[in-house]
Amino acid sequence: MSSRLDNQVALITGASRGIGRAIAQAYLKEGARVALVATDAAKLQALQQSWGSPADRVMTLGVDVRDRQACVQAVERVQAQWGGIDILVNNAGVYRAKSFLDYTDQDFQDLLDVNLFGVLHFMQACLPGMQARRRGSIVNIASTAGKWGSRNQSAYNTSKHAVVGLTRCVALEASAHQVRVNAICPGFVQTDMVETLKREASRSGGISADAFQASMLARVPLGRIVEPEEVAEMAVYLGSQESRSITGQSMMIDGGMVML
Ligand code: NAP
């Protein structure tokens, strides 16, 4: 059995499905103990049962990342039970497509509340403990949307640009304490969220979902959609000591769609 994350404690948000679930499974396989966060606590418990994981390896926490106090309490619970958090993966996120002129203030607020403030809340809750122990790795799941412009998703892109910027600034401050902060920028990944994107984009563009899928793939030099497990492999690398000299980076995993 491989053990790149042996003796590590990881807290992973948005772990009930998609990319977050794949990261949780990969971390477990590599020897970490994982604390899983999502709003749907029952879904997390069902996942834990389906994996047959003992309670000393998996903890489930029904937390809304928009709620600062709930995030702080979740971190305190993990620290009390498992002694500290070594890796934080901020993955919870939401998506909503509209043309810029149709977006309301509330749309922007809704996306920023989860995609930016959720990341902020968990970083501020975890960093003091990491800094005191002089070790830790934070992995923020941003997006290629945090690196370039896209049509009909200005609120989402704004939130992901903010995550990339925040990652760089916090990495600078935390490096004095040997804590690393990086982001992963996936392109199209096969999850519920990309199905929403396909549905909304084909509707607003007046084309079929199949036609939109073909136009999506035409933008990807490698010609395929990324699997959640591929993002999980990058998250294992950034969480592990193999990446010990990497901080402040936002690494693309997108089949070559964005070359910066
Ligand atoms: P997904 O399948 O829709 O899963 C989203 C996860 O976030 C779920 O576990 C959901 O659980 C959780 N979540 C949402 N709002 C939350 C909240 N307020 N508090 C706590 N948990 C919350 O999405 P995904 O595709 O795996 O995306 C994961 C991350 O990757 C997101 O940050 C997304 O922006 C980013 N990303 C995705 C793609 C893609 O193509 N799929 C591309 C680039 C970046 P509950 O519903 O139970 O709360």
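None of the values given here were measured: they were computed from a predicted structure.

Parameters at a glance
- Residues numbered from 1 in each chain as written.
- Predicted model: local features only at pLDDT ≥ 70, side-chain atom pairs only at ≥ 80, totals over all residues.
- Heavy atoms only, no water.
- Helix = DSSP H or I, 4+ residues; strand = E, 2+ residues; numbered from the N terminus.
- Buried < 20%, exposed > 50% of the residue type's maximum accessible area, 1.4 Å probe, protein only.
- Contact = heavy atoms within 4.5 Å.
- Areas by Shrake-Rupley, 256 points an atom, 1.4 Å probe, with all protein chains shown as cover.
- Lys, Arg positive; Asp, Glu negative; His and termini not counted.
- Charge placed at Lys NZ, Arg CZ, Asp CG, Glu CD.
- Pairing = 2+ DSSP bridges.
- Axes fitted to C-alpha atoms, helices over the stretch in contact; angles between N-to-C directions.
- Near = heavy atom within 4 Å.
- Polar contact = N/O pair within 3.5 Å; in protein donor to acceptor, adjacent residues only side chain to side chain.
- Parallel < 35°, antiparallel > 145°, perpendicular 65-115°, else oblique.
- Left-handed = near helix turned anticlockwise from the far one by under 90°.
- Nonpolar A, V, L, I, M, F, W, Y, C, P; charged D, E, K, R; others polar.
- Phe/Tyr/Trp six-rings, centres within 6.5 Å; stacked < 30°, edge-to-face > 60°.
- Expected span 1.5 Å × (residues − 1).
- 1 Å grid on protein atoms, 1.4 Å probe; cavity = no way out; pocket = protein on both sides within 12 Å on 5 of 7 lines; lining within 4 Å.
- Points joined across faces, edges and corners; volume = space filled by probe spheres on them.

A. Representation of the overall build of the chain. Assigned secondary structure in the chain consists of 8 helices and 7 strands. Dimensions along the principal axes, computed over C-alpha positions, put the chain at roughly 55 × 40 × 35 Å. Within the chain, the fraction of its 260 residues that count as buried is 51%. Sequence separation of at least 24 residues holds for 71% of the intrachain contacts in the chain that already meet a minimum separation of 6. If you sum the accessible surface of the chain, you get close to 11,900 Å²; carbon and sulfur atoms cover 50% of it. Measuring between centres, the 26 positive side-chain charges of the chain sit 3 Å from its 24 negative side-chain charges.

B. Layout of the sheet that holds strand β3 (residues 58–62). Spatially, 7 strands are ordered β3-β2-β1-β4-β5-β6-β7 in an open sheet, and the strand pairing comes out parallel. Edge positions in the sheet fall to β3 and β7 (250–253), since each of these pairs with one other strand and no more. The sheet shows a mean angle of 15° between the axes of neighbouring strands, direction not considered. Pairing geometry for strand β1 (residues 9–13) and strand β4 (residues 87–90), over 3 bridges, is parallel. Its bridge partner being in β4, A10 is matched across the sheet by I87. Against the sheet, helix α4 (residues 105–133) makes contact with β1, β2 (33–38), β4, β5 (136–141) and β6 (179–186), and its axis sits at roughly 175° relative to β4, the strand it touches most. Where helix α5 (residues 154–174) meets the sheet, its contacts fall on β5, β6 and β7, and the angle it forms with β6 comes to roughly 160°.

C. Quick peek at the site of the ligand. Surrounding the ligand, one finds 31 residues, the nearest of these being S16, T39, N91, Y156 and T191. Measuring from an oxygen atom of the ligand, one finds a backbone N or O atom of G14 at 3.1 Å. Between the ligand and T191 there is a distance of 2.5 Å, counted from an oxygen atom to a side-chain nitrogen or oxygen. When isolated, the ligand has an accessible area of 890 Å², and the protein chains bury 93% of it. Residue assignment for the shell around the ligand shows that the elements contributing at least two residues are α1 (18–29), α5 and α6 (192–205). Among the elements that take part in the shell around the ligand, α6 stands out by supplying 3 residues, more than any other.

D. Representation of the packing of α6 against helix α7 (residues 209–218). One can describe the packing of α6 onto α7 by two numbers: an axis separation of 9 Å at closest approach and a directional angle of 110°. In terms of orientation, α6 lies roughly perpendicular with respect to α7. α7 is crossed by α6, and the crossing has right-handed handedness. Along its contact with α6, which presents V194, L197, K198, A201 and S202, the element α7 presents A209, F212, Q213 and M216. Across the contact of α6 with α7, the residue classes break down as 6 nonpolar, 2 polar and 1 charged.

E. The packing of aromatic side chains, seen in detail. Evaluation of the coordinates by the stated rule reveals 2 aromatic pairs. Look at Y95 and Y156: their rings are 5.0 Å apart centre to centre, the planes differ by 75°, and that puts the pair in the edge-to-face class. Here Y95 is found in the loop between β4 and α4, whereas its partner Y156 is found in helix α5, with 61 residues between them in sequence. Y95 sits in the buried class, given a relative accessible area of 13%. Judged by relative accessible area, Y156 falls into the buried class, the value being 9%. With centroids separated by 5.3 Å and ring planes inclined at 75°, the aromatic side chains of Y103 and F108 adopt a geometry described as edge-to-face. Classification of F108 as partly exposed rests on a relative accessible area of 21%.

F. Inspection of α1 at higher detail. The terminal C-alpha atoms of α1 lie 17 Å apart, and with 12 residues this matches the ideal 16 Å at 1.5 Å per residue to within 8%. In terms of residue burial, α1 counts as a mostly covered element, since 9 of its 12 residues are buried. Those residues of α1 that sit buried are G18, I19, G20, A22, I23, A24, A26, Y27 and L28. Residue G31 follows α1 closely and has a positive phi angle near 100°.

G. Main features of the layout of surface pockets. Space inside the second largest pocket adds up to approximately 320 Å³. If you trace the second largest pocket, you find 18 residues lining it, with G136, Q178, R180, Q241 and R244 closest to the centre. Of all the elements in the fold, those that place two or more residues in the lining of the second largest pocket are β5 and β6. By residue class, the composition of the lining of the second largest pocket is 3 nonpolar, 9 polar and 6 charged.

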